[in-house]
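These are the residues of each chain, in order.
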Amino acid sequence: MFLSGAASLVYELVWIKRFTLLFGGTLYAISAVLCAFMGGLALGGWAIAKYLEGTKGQNPNLIRMYGTVEGLIGIYALLFPLGLQALESVYGFAIGRFGGSSGGALHFAEFVLSALLMLPATFLMGTTLPLVGSWSVGGRVSRMFPDISFFYGINTSGAVFGCLFAQFFAIERLGLQGVSWLSAGTNAAVFLVCRSLPPDPVGAPSDSAPPRADAEAASVTPDSLSPRRKRGAALPPGASPAPSRPLGILLLTIFALSGFASLASEILWTRVLVFPLGSALYSFALILATFLAGIALGSLAAEKLLGNSRWVLKFLLVELAVAAFCIGVIPVFDLLPELTARADRLFYDEANTFPRTLSVRSLFAVALMLPPTAGFGILFPLANRINISLFGGVGGTLGNSYAINTVGAVLGTVAAPFVLIPALGIRGSLFAIYSVLAVLSCAGLCWRLGWKLARSAAALVLGGVAVFGGYAWSHPGIAADRMGKGNFARLEIDVPADRSRLLDYKEGDFATLGVVEDKESGARTLYVNGFSTATVSPAFGASSYMEAMGFVPMALHPNPKRALVICFGTGNTMGTASLFPGVLADGVEIDRNVLSLAHWFSQWNHGVLQRPNARMTVQDGRSFLRWTGETYDVITLEPMSPVQAGVAHLYSEEFYRLADRALNPGGIMMQWLPLHLVGPADARAIVKTFRKVFPRVAVWNSFLTRITLLAGSREPIVLDKNRFDALMDHEELRRSAAKMGVRSFADIADFHLADADRLQGFLQDADVVTDDRPILEYSPVSWLPPLQWETDETFLNILRFRADSPPPVKNVPPEEKADFDRELRLRSAQRFSVFSQRYHGPGEGAFAARDYLAGLEEVKAYLDANKGSLISLEGGRWGTK
């Protein structure tokens, strides 16, 4: 059961990734796949219940049947990629039929298609726990609670292991396909073990015929232990009265609501925890593993904590305890911004270590989720023991209870992002869910205790008062008047809290968004789930890289008519691209709420959403490229940090091939490469992957040396002075260029760093990012941010070729060529002077004396003498490696 849980969780993670690549990473697509997965589990649980009820417990081969199920799951997992390939053509038809943008019909098609493909495997997965539970319990109803507690806990512990093993180790090294094969091998091992066991002897304790009339076995039927027993009828020693059928139905409803609450809460808690933990894959793995670990611990400890009697009373009290905790913790969320700032200080401390980062992040997840999830783990075996009064047999109870709880989880997965968060916000959603759970549990408690109407009514009134009191105390609503109070606005560690103003705040279905203004500088920052996505400022050069993402490729292309900008952000890149004459600019943004904040940045994005030559599509950028029939002269994108979860598919070889296919002849692709957000190995992998697809690659940047831009094409990329001069005749373009510091042809030529052909040594041992091995998601910078010397070292190993290789330009008049070349040499020297003086490199003395050209000659001599080596800045000193 441990291995079964591990393999099933791995399949869930891998298949969601696979479907994301097909459908896109929109919330709708991910939710459709997750619901289809859990729907299959529920259907399998229900079907096996019917089967076990029909056999009347006489099947002697349950454990061997379980082994066969595991073997079939493994076989299907091996065939899954073939089914996905077949599904791709069907989905292409659906895209053509319903349109590529987000729409209800398309999302329903995504649900149906993913459900059909996963159903055989998830259906079989849903049968495993009822099969093993029925085999273990047999007809000994007294073993129902301890055995299910044990096996459910062991199975969920396996899921914890599968999550951590896959996300922390296996996928990075083996790839998605490799880890699927490994999981299929695990299924095969379970099959061989189970099939080697002898079948249970015929006549073994059955599901519906207890072998002895002990107290527990006698309590199976609702009639025998109903509170409505005839007066004077004694209960067997140690037995608890079974609930009446109406009360049993209420308890089953509460159990379904628990499933709803658990999955809805996982989504809501994740939205909270991304602030202190970040959006890296490891963070989401920690959140999921902690969620599952709580359930496993609760289930394994259930019998020792609660004993084997008074199940209904304990079930309701656990429900109330979970609800009380989840409501009571809501006010603590106001402390989260300050706690996050403290965690950030530890994270960015140069003395930070991997164990410390792991410990701090785990502490956040454990403190928030472990108590309530342990409660959920206790509830599962309790509910199965109680529900036997409704379903009679052990197998039917296990299968039906599992199915009903899972259906509740499916509904919670849908309701949380699409209904509750948009209507109530994160805090309000948690409060609403657990208030309903508390009220229903109070009602069940009154019913179970046999209170009369007046007493029950008084109790429910008091419960209602407590709920409203909890609302007044917890303040679950959204407030945007103060940073961090009633919201999840992020406090930067180097900016005093009173210096920041929260201009706008949205808890949307896809992400939590905020716009924060620095009162002193006037800079505005867009935050997505606490991550500083983009900052604009009236100060010179503050957001120049975003303008450069639009300006540079449009200026490099001789005559662009169609441009595509993937990822809107503040809109600066798309706004700049839309300024070019005769251009139709298409934009793709995955979160529609981001577009609603564009007006806060209109000073910088040129009011692009109102421009007649700009069109927006709300869709996953990769999915748009895959299914669009449009072609473009320029494609540019600035996604989130490359090491964040799910972003690597915008840096993979397969993605670049999609972009290449969508480019017109002579088209230019531009990719954002933020050196300050990735490690040295990550940067080299990105450049190598980009160059593998595009034969002609050049590295550019703006005045922020930590951010570079990759330009790729199938044709040589040359900067044309005639085109530049013609562009500067347009007033809007001239003003936009001036904001980047571009007032002359030498200014934009200085943005060029190197052609990738010169970077062979730098890229020699680099990995390639693929869909199967999204190595950027496993970057060590998720645990330890890159140090300044590491970022500088990467940049310097690209810049080194500027020492003797000027940018490729054309149409510079002969009479201007000498001055132009001298100007670029001087600018190259000024770039090198920064690093030579910071790291005591060649030419340090000349640069300090502002004799830049002499310093440049020393740098060139040094580089010529060390042609076969890379520059090293480790230890704070310039060297080689």
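One numbering rule holds for all chains: residues counted from 1, following each sequence as written. Local features in this predicted model are restricted to residues of pLDDT 70 or higher, and side-chain atom pairs are both shown and tallied only at a pLDDT of 80 or more, whereas totals for entire chains, interfaces and linings draw on every residue. Values shown for side chains rest on all heavy atoms present in the structure; no hydrogens or waters enter the calculation.

### A short note on the overall build of the protein chain
The condition that has to hold: Numbering of helices and strands runs from the N terminus; a helix is a DSSP stretch of H or I covering at least four residues, while a strand is a stretch of E covering at least two. With the radius of gyration taken over C-alpha atoms, the globule rule is written as 2.2 Å times the number of residues to the power 0.38. Throughout, exposure labels follow a simple rule: accessible area from a 1.4 Å probe, protein chains only, divided by the maximum for the residue type, with under 20% read as buried, over 50% as exposed, and the rest as partly exposed. Working rule for contacts: check all heavy atoms of both residues, and any pair within 4.5 Å makes them a contact. In this description, accessible areas are obtained by the Shrake-Rupley approach with a 1.4 Å probe, and a residue is regarded as covered only by the protein chains that are shown. In this tally Asp and Glu are treated as negative and Lys and Arg as positive; neither His nor the chain ends contributes. In this description, the location of a charge corresponds to atom NZ of lysine, CZ of arginine, CG of aspartate or CD of glutamate.
Within the protein chain, the regular secondary structure consists of 29 helices and 16 strands. Against the 2.2 N^0.38 benchmark of 29 Å for 881 residues, the protein chain shows a C-alpha radius of gyration of 31 Å, consistent with a compact globule. Across its three principal directions, the C-alpha atoms of the protein chain cover 115 × 60 × 55 Å. Within the protein chain, buried positions represent 59% of all 881 residues. Excluding contacts between residues fewer than 6 apart, the proportion of contacts in the protein chain whose partners are at least 24 apart in sequence is 77%. Accessible area for the protein chain stands at about 33,600 Å²; split by element, carbon and sulfur atoms hold 60% of it. Within the protein chain, one finds 75 positive and 72 negative side-chain charges whose respective centroids are separated by 8 Å.

### With respect to the sheet that holds strand E9 (residues 663-674)
Put simply, the test is: Strand pairing follows a simple DSSP-based rule, namely that at least 2 bridges must link the two strands. Every axis in this analysis is a line fitted to C-alpha atoms, fitted for helices over the stretch in contact. Angles between the N-to-C directions lie between 0 and 180 degrees.
Read across the sheet, eight strands follow the order E7-E6-E5-E8-E9-E11-E10-E13 without closing on themselves; strand pairing throughout is mixed. Looking along the sheet, the strands with just one partner apiece sit at the ends: strand E7 (614-618) and strand E13 (752-755). Sheet twist, expressed as the mean angle between neighbouring strand axes with direction ignored, is 20°. With five bridges joining them, strand E5 (residues 562-566) and strand E6 (residues 584-589) adopt parallel strand pairing. Within E6, the residue paired with Leu564 across the bridge is Asp586. In this fold helix H15 (residues 544-556) packs onto E5, strand E8 (632-637), E9, strand E10 (696-701) and strand E11 (707-713), with an angle of close to 155° to the strand it touches most, E9. Contacts from helix H26 (residues 788-799) reach E10, E11 and E13 within the one sheet, and its direction differs from that of E13 by about 70°.

### Considering the nonpolar core
For clarity, the threshold we go by: Nine residue types can take part in a nonpolar core, namely buried Ala, Val, Leu, Ile, Met, Phe, Trp, Tyr and Cys, and a core is a set of them joined through side-chain atoms within 4.5 Å.
Among the nonpolar cores identified, the biggest contains 139 residues, and Trp15, Phe19, Phe23, Trp269, Phe315 and Tyr434 are the most heavily contacted of them. Not counting chain neighbours up to four residues away, the residues in contact with Tyr434 comprise Ala261, Ser265, Trp269, Val322, Ala323, Cys326, Ile327 and Phe376. Formed by 121 residues, the second largest nonpolar core is a distinct cluster that contains Leu625, Ala662, Trp672 and Leu733.

### Overview of the pattern of salt bridges
This is how it is decided: Each salt bridge in this description consists of a side-chain nitrogen of Lys or Arg and a carboxyl oxygen of Asp or Glu lying within 4 Å of one another.
On inspection of all chains with the given rule, the structure shows 35 salt bridges. Salt bridges linked by common partners bring Arg562, Asp586, Arg615 and Glu630 together as one network.

### Things to note about the pairing of strand E1 (residues 500-507)
Within E1, six of the eight residues are buried, leaving the element largely enclosed by the surrounding structure. The pairing of E1 with strand E2 (residues 512-518) spans seven bridges and is antiparallel. Bridge pairing in E2 places Arg501 opposite Glu517.

### Remarks on the confidence of the model for the protein chain
Here is the rule: A residue's pLDDT is simply how confident the predictor is in it, with values from 0 to 100.
In this model, the protein chain carries an average pLDDT of 88, and 91% of its residues clear a pLDDT of 70 or more. Below a pLDDT of 50 lies the segment residues 202-238, which in the model reaches 64 contacts outside its immediate sequence neighbourhood of four places, other chains included.

### Concerning the packing of aromatic side chains
Heads up, the condition is: To pair, rings of Phe, Tyr and Trp, with the six-membered ring standing in for Trp, must have centres within 6.5 Å; the planes then decide the type, stacked if under 30 degrees apart, edge-to-face if over 60, and tilted in the middle. When the NZ atom of lysine or the CZ atom of arginine is within 6 Å of a ring's centre and also within 35 degrees of its normal, the charge is said to sit over that ring.
By the definition in use, this model includes 33 aromatic pairs. Taken together, a centroid distance of 5.0 Å and an interplanar angle of 85° make the contact between Tyr656 and Phe690 edge-to-face. Of the two residues, Tyr656 is situated in helix H20 (residues 653-661) and Phe690 in helix H21 (residues 680-693); the sequence distance between them amounts to 34 residues. Take Tyr656: its relative accessible area is 0%, and that puts it in the buried class. What makes Phe690 buried here is its relative accessible area of 0%. Each member of the aromatic cluster is reached from another via a ring pair, and the members are Tyr11, Trp15, Phe19, Phe23, Phe37, Phe80, Tyr91 and Trp627. A cation sits over an aromatic face here: Arg385 above Trp311, 4.1 Å from the ring centre. Sitting over the ring of Phe801, Arg800 keeps its end group 5.6 Å from the ring centre.

### Looking at a nonpolar patch on the surface
What counts here: Patch criteria: residues need more than 30% relative accessible area and no salt bridge. Like-charged residues are merged within 9 Å; nonpolar side chains of Val, Leu, Ile, Met, Phe, Trp and Tyr are merged within 5 Å.
Together, Leu72, Ile75, Leu78, Leu79, Leu82 and Trp181 make up an exposed nonpolar region whose accessible area comes to about 610 Å². For the nonpolar patch, the leading source of residues is helix H3 (residues 62-98), giving five residues. Exposure remark for Leu79: the relative accessible area of 45% places this residue in the partly exposed category.

### Quick look at the sheet that holds E2
Across the sheet, four strands lie side by side as E1-E2-E3-E4; this open sheet has antiparallel pairing. Every interior strand has two partners, whereas the edge strands, E1 and strand E4 (531-536), have only one. Put simply, the sheet's adjacent strands are angled 20° from each other on average, direction ignored. In terms of strand pairing, E2 meets strand E3 (residues 524-528) through five bridges, oriented antiparallel. Its bridge partner being in E3, Glu517 is matched across the sheet by Arg524.

### As for helix H27 (residues 814-839)
Side chains three or four residues apart in an α-helix point the same way, a direct result of the helix having 3.6 residues per turn. Worth spelling out the cut-off: Here the expected span of a helix is defined as 1.5 Å times the quantity of residues minus one. What the bend at a residue measures is the angle between two axes, fitted to the seven residues ending there and to the seven starting there.
An ideal rise of 1.5 Å per residue puts 38 Å on 26 residues; H27 measures up with 38 Å between its terminal C-alpha atoms. The largest bend in H27 is about 25°, located at Phe832. Turning to H27, its buried residues are Phe820, Leu824, Arg827, Ser828, Ala829, Arg831, Phe832, Ser833, Phe835, Ser836 and Tyr839. Following H27 by one or two positions, His840 adopts a phi angle in the positive range, close to 55°.

### Brief notes about the packing of helix H5 (residues 144-196) against helix H9 (residues 281-306)
Which entries qualify depends on this criterion: Oblique is the label for every angle not falling under 35 degrees (roughly parallel), over 145 degrees (roughly antiparallel), or within 65 to 115 degrees (roughly perpendicular). Two helices that cross are described as forming a left-handed crossing if the nearer one is turned anticlockwise from the farther one by less than a right angle, and a right-handed crossing if clockwise. Amino acids outside the nonpolar list (Ala, Val, Leu, Ile, Met, Phe, Trp, Tyr, Cys, Pro) and the charged list (Asp, Glu, Lys, Arg) are all regarded as polar, and Gly is one of them.
Between H5 and H9, the shortest axis-to-axis distance is 7 Å and the interhelical angle comes to 165°. Comparing their axes, H9 and H5 come out roughly antiparallel. The handedness of the crossing between H5 and H9 comes out as left-handed. Residues belonging to the contact of H5 with H9 are distributed by class as follows: 23 nonpolar, six polar and two charged.

### A closer look at the state of the cysteines
Just so we agree on the cut-off: Any cysteine sulfur atom paired with another within 2.5 Å is treated as part of a disulfide.
Tallied over the entire structure, the rule returns zero disulfides. No disulfide involves Cys326; its sulfur sits 15 Å from the nearest other cysteine sulfur, which is in Cys442.

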